[in-house]
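If you want the building blocks of each chain, they are given just below.
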Amino acid sequence: MTGRPPMIRPLPESVANKIAAGEVVERPASIVKELIENALDAGARSVRVTVEHGGRGLIRVQDDGCGIPADQLKVAFQRHATSKLTALEELEKIGSFGFRGEALAAIGAVARVRLVSRPARQPEGAGIWVEGGAVKGVEPQAASPGTTVEVRDLFFNTPARRKFLKSEATEQGHLQEMVGRLALLRPEVRFTLTLDGKEALDLPAAGDLADRATRVLGKGTEGQWLPIDASQPGVRLTGLIARPAVSKANRSGQVLFVNRRLVRAPWIQYALQAGVHGRLMEGHYPVALLILEIDGARVDVNVHPTKQEVRVSNQSDVVRMIQDSLRERIAQAGDLAPALSPRGRSVSSGRSYTLRMPPRPVAPVSAGPAPDWAGVMERLSPETPLAEEGGPLPGPIVIRGGQPITRILGQLHRSYLVAETENGFLLVDQHAAHERVVFEALLKNLKRPDPEKQRLLLDELLELELKEAEPFAAILPTLTAVGFDIDPFGERSYAVRAMPAALGEVNPVALIRTVIEEREEGKLRSAVEERTEVVAALTACKRRSVKAGDSMTLPAAQQLLKQLAGCENPFNCPHGRPTIFTMTLAELERQFKRT
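Residues numbered from 1 in each chain as written. Predicted model: local features only at pLDDT ≥ 70, side-chain atom pairs only at ≥ 80, totals over all residues. Heavy atoms only, no water.

Chemist: Whenever I open this one, the sheet that holds strand β4 (residues 125-131) confuses me. Can you help?
Modeler: Strand-to-strand pairing in sheets goes through backbone hydrogen bonds, with the strands running parallel or antiparallel. The strand order β5-β4-β3-β6-β2-β1-β7-β8 describes an open sheet built from 8 strands, whose pairing is mixed. The outermost strands of the open sheet, each flanked by one partner alone, are β5 (134-141) and β8 (198-203). On average, adjacent strands in this sheet sit at an angle of 10 degrees to one another, irrespective of strand direction. Against the sheet, helix α6 (residues 168-185) contacts β1 (46-52), β7 (190-195) and β8, and its axis sits at roughly 175 degrees relative to β7. (Pairing = 2+ DSSP bridges. Helix = DSSP H or I, 4+ residues; strand = E, 2+ residues; numbered from the N terminus. Axes fitted to C-alpha atoms, helices over the stretch in contact; angles between N-to-C directions. Contact = heavy atoms within 4.5 Å.)

Chemist: Would you explain the packing of aromatic side chains in this entry?
Modeler: For any pair of aromatic rings, the description consists of the separation of the ring centres together with the inter-plane angle of the planes. Going through the model one piece at a time under the given rule, you end up with 1 aromatic pair. Between F472 and Y494 the ring centres are 4.7 Å apart and the planes differ by 55 degrees, which places this aromatic pair in the tilted class. Here F472, found in helix α11 (residues 466-482), pairs with Y494, found in strand β25 (residues 493-500); they are 22 residues apart in sequence, far enough to count as distant. Seen from the ring of F156, R112 lies directly overhead, with NZ or CZ sitting 4.0 Å from the centre. (Phe/Tyr/Trp six-rings, centres within 6.5 Å; stacked < 30°, edge-to-face > 60°. Lys NZ or Arg CZ within 6 Å of the ring centre and 35° of its normal.)

Chemist: Could you clarify how one ought to interpret unusual backbone geometry in this entry?
Modeler: Working note: non-glycine residues mostly have negative phi, and peptide bonds are mostly trans. A positive phi angle, near 55 degrees, is found at H53, a position not held by glycine. Inspection of the secondary structure puts H53 in the loop between β1 and β2 (58-63). Of note, N259 is a non-glycine position whose phi angle comes to about 50 degrees, a positive value. Mapped onto the fold, N259 is located in the loop between β12 (254-258) and β13 (261-262).

Chemist: Could you clarify how one ought to interpret the packing of helix α8 (residues 266-275) against helix α9 (residues 315-332) in this entry?
Modeler: To describe two helices that pack against each other, one gives the angle between their axes and the distance between the axes. It is the contact of α8 with α9, at a shortest axis distance of 8 Å, that shows an interaxial angle of 30 degrees. Once α8 is placed against α9, the crossing between them reads as right-handed. Where α8 abuts α9, its residues W267, I268, Y270, A271, L272, A274 and G275 lie against Q315, V318, V319, I322, Q323, L326, R327 and I330. (Left-handed = near helix turned anticlockwise from the far one by under 90°.)

Chemist: Even after reading the chapter, I still don't get the nonpolar core, so can you show me in this structure?
Modeler: A general trend in soluble globular proteins is that nonpolar side chains are found buried together. I36, V47, V49, V151 and F191 are the most contacted members of the largest nonpolar core, which totals 59 residues. When we break this core down by domain, the ones giving at least three residues each are domain 1 (13-203) and domain 2 (209-333). Look past the residues within four positions of V151 in its chain and what remains in contact with it is I31, L35, G57, L58, I59, I107, A111, R112 and V113. Counting residues in each nonpolar core, the second largest holds 53 residues, with I322, L336, I397 and A557 among its members. (Core = buried A, V, L, I, M, F, W, Y, C linked by side-chain atoms within 4.5 Å. Buried < 20%, exposed > 50% of the residue type's maximum accessible area, 1.4 Å probe, protein only. Domains from an automatic or database assignment.)

Chemist: Explain the pairing of β25 here, please?
Modeler: Look at any regular strand and the pattern is simple: side chains alternate between the two faces of the sheet. A large share of β25 lies buried, amounting to 7 of its 8 residues. Judged from the 7 bridges that link them, strand β23 (residues 453-463) and β25 form a sheet pairing that is antiparallel. If you follow R455 over to β25, its bridge partner there is A498. The pairing of strand β24 (residues 485-488) with β25 spans 4 bridges and is antiparallel. Residue D485 lies in a different strand from β25, and its bridge partner there is A498.

Put into structure tokens, the structure is as follows:
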């Protein structure tokens, strides 16, 4: 390099503020998040949000919190000025949402901001005007106790940022989602959101978290919540998870808090998905509100200016605790069979279960005898699948906390068993139910202490990199226990001589490498477990299960229901499809307008 090197100089404060604002203010919803968190830190019991033109025109957040004294208004807009932190050591036990002192400075750098505040004990308030990072004035102002922040003309001085905002409808969607999610942590605080003069949210203060969650996450979740409360040393998990009948095609129904902070945490989402494994169809995600409280010494909240990312030491222990707690809670819920919806209503967004029967020709009255409908309901008996009568059971069958089954009524289209319960009836998909029975039996056999092995014709050589040696040593006992024969073959080389027969035709070295990678990532369900379950599911589905269209005798139907009742998860086939739908007599009478 020739010539004089470029001079290093500090950036002008206005430029530095705009750059910093790029991390804090991503879109209008980011501003609303920061201002609502400030309001909650101030002890607000009511938060009102008003937005115009998707946040481009106006964002107003009003609260009834403690307010800001007039002589501190200018300081509030300085970078790294905060009332919530005085020393680095306090980060380990920080209890407030904010602590970096960046939000107001960042917002003021890219918008025109007016803030009016009055502490409750002050006779009057004061207002401050900030434009593009410059304070334009401070003067006394008549005001109610609390703080009102108005943000106008967002990104007026950074047009490149403004043009990347989405449509007004999209930004409004993000705003409504953000207000609703923050409201979930504080059900005792009232939240309202007005978009272009129309009320979008009105969440009155209430002590019932389930009611607040239903209002935010959708009416389809009403009555479907399972409360969560589990703990281990240094960690507590509370919140709600919806019954598996309620799910979504994406993760938009998942709200996560760590130490009272709304976070984006893929590792928690993975633990959540693992906790409901086997109870949802592929491509469906549980709906849940998870609130984690972790010892502050184990959590780093100072990862990103938005404070939506956190690091946790011994993260794999927390992941396992979440997974096990959710799995246990769902198992304790008892009857998880979804209710049959005669009108095609869905209990979850984008998901509807409706019984569909193929059309049958109906002849006109004058065209001869009435059509034969006897085939629609084919009754079961010990002698033949098509006898005239169904049959009572020797004793009631109870499927995981549901109503006792007292009588098998028949077989619908040779695909669905219809049974009477003490307070209604249920439909059972015979193929899905038998898949579940066979799957659990196969899985139990595949996981026995002396698993069947298949010897490899030629040894497969596994060569490890230095960083792989430690995780491989940790998983080697598990691999041996499930049926691998692996012997040392050099410093970091191993000969794979046999593998579990249950895994079928799979490259053992590639599979072991996948398990090593998963161990490093903290994944709990390994590729071996998943492969074993895939084999069991395929075997249950393709080779050994009762199929749709198969006639069943009464003893066979009775035996199937008894075996289903004994399953660990009787409500879903191995692929996550439902096996059972129920309807109460009261609901049936409502459909027939009897009540």
